[in-house]
Amino acid sequence: MKNPEIRIVVADDHYVVRMGLVALVETEPDLQVIGEAADGAQAVELYRRLEPDLVLMDLRMPVKDGIAATREIRSQFPAARILILTTYDGDDDIHKALSAGANGYLLKNATRESLIPALRAVAAGQRWIPQEVASRLAARKMFEELTPRELEVLEKLAKGLANKEIADVLNISEYTVKDHLKNILGKLHVADRTEAVTAAL
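As a starting point, this report considers the structure included with it. (Residues numbered from 1 in each chain as written. Predicted model: local features only at pLDDT ≥ 70, side-chain atom pairs only at ≥ 80, totals over all residues. Heavy atoms only, no water.)

### Some words on the overall build of the chain
Working step 1: When its secondary structure is counted, the chain shows 10 helices and 5 strands.
Working step 2: Over its C-alpha trace the chain gives a radius of gyration of 22 Å, far above what one expects of a compact globule, namely 17 Å for 201 residues.
Working step 3: The dimensions of the chain, computed from C-alpha atoms along their principal axes, are 70 × 35 × 30 Å.
Working step 4: Sorting the 201 residues of the chain into buried and exposed places 41% on the buried side.
Working step 5: Considering only contacts within the chain whose residues lie at least 6 apart along the sequence, 60% involve residues at least 24 apart. (Helix = DSSP H or I, 4+ residues; strand = E, 2+ residues; numbered from the N terminus. Rg over C-alpha atoms; globule rule 2.2 N^0.38 Å. Buried < 20%, exposed > 50% of the residue type's maximum accessible area, 1.4 Å probe, protein only. Contact = heavy atoms within 4.5 Å.)

### Here's the deal with helix H3 (residues 66-76)
Working step 1: Where H3 is concerned, the buried positions are Gly66, Ile67, Ala69, Thr70 and Ile73. The buried residues of H3 occupy one face: seen down the axis, they fall within an arc of 160 degrees.
Working step 2: Between a side-chain oxygen at the N-terminus of H3 and the backbone nitrogen of Ile67 the separation is 3.1 Å; the capping residue is Asp65. (Arc of directions from axis to C-beta. Polar contact = N/O pair within 3.5 Å; in protein donor to acceptor, adjacent residues only side chain to side chain.)

### Some remarks on the packing of aromatic side chains
Working step 1: With the rule as written, the count across this model stands at 1 aromatic pair.
Working step 2: With a centroid separation of 4.9 Å and an interplanar angle of 55 degrees, the aromatic rings of Tyr47 and Phe77 are classed as tilted. With Tyr47 in helix H2 (residues 40-50) and Phe77 in the loop between H3 and strand E4 (82-86), this residue pair connects regions lying 30 residues apart in the sequence. There is no split in this pair, since Tyr47 and Phe77 are both buried. (Phe/Tyr/Trp six-rings, centres within 6.5 Å; stacked < 30°, edge-to-face > 60°.)

### Side note on the packing of helix H7 (residues 148-158) against helix H9 (residues 174-188)
Working step 1: Running from N to C, H7 and H9 cross one another at 95 degrees; their axes reach a closest spacing of 10 Å. In this view, H7 runs roughly perpendicular relative to H9, as classed from their interaxial angle. Judged by residue contacts, Arg149, Glu150, Val153, Leu154 and Leu157 of H7 engage His180, Leu181, Asn183, Ile184, Lys187 and Leu188 from H9.
Working step 2: Partitioned by chemical class, the residues of the contact of H7 with H9 number 6 nonpolar, 2 polar and 3 charged. (Axes fitted to C-alpha atoms, helices over the stretch in contact; angles between N-to-C directions. Parallel < 35°, antiparallel > 145°, perpendicular 65-115°, else oblique. Nonpolar A, V, L, I, M, F, W, Y, C, P; charged D, E, K, R; others polar.)

In structure tokens:
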């Protein structure tokens, strides 16, 4: 029995990239491109009109970027499936895209072997985040749990300052510095100062 087709909208402002993606997707019997958008506003409009199973969304586009388009689509269609495809692998971009409601994130240097399974997985309701991206996001989450004061202590630690020097610079007692350090090691799941500095760097 033939698999039901996964209906896809491809949104990318670079014509050549978009054509390449469409051609790649169309080689699979269970995947079908039903619409193409050259910017985020078009992607939102196409989603409203066609209600595809999945949007393959570029991050940086004119008129409306991929994050704004993702947020708008997900606010109107909570069950929408969106896979972000981009050349940018900055933590901030990834974090914003996933916060906006994207179900997955793939870099444009991804091969056909990872793009096609990613499309199928996200269309099936799974999340798709490459391993290296996932580990960076986990690290970011740990750092977000540190208090502003703990971050200051960690920053001084990374500069090679001893506890007493940190205490002098931040105008706190050495005992308080040790207390902050204990919290930092716990939150970052590291065993000692050296590991904490390595994580910070």
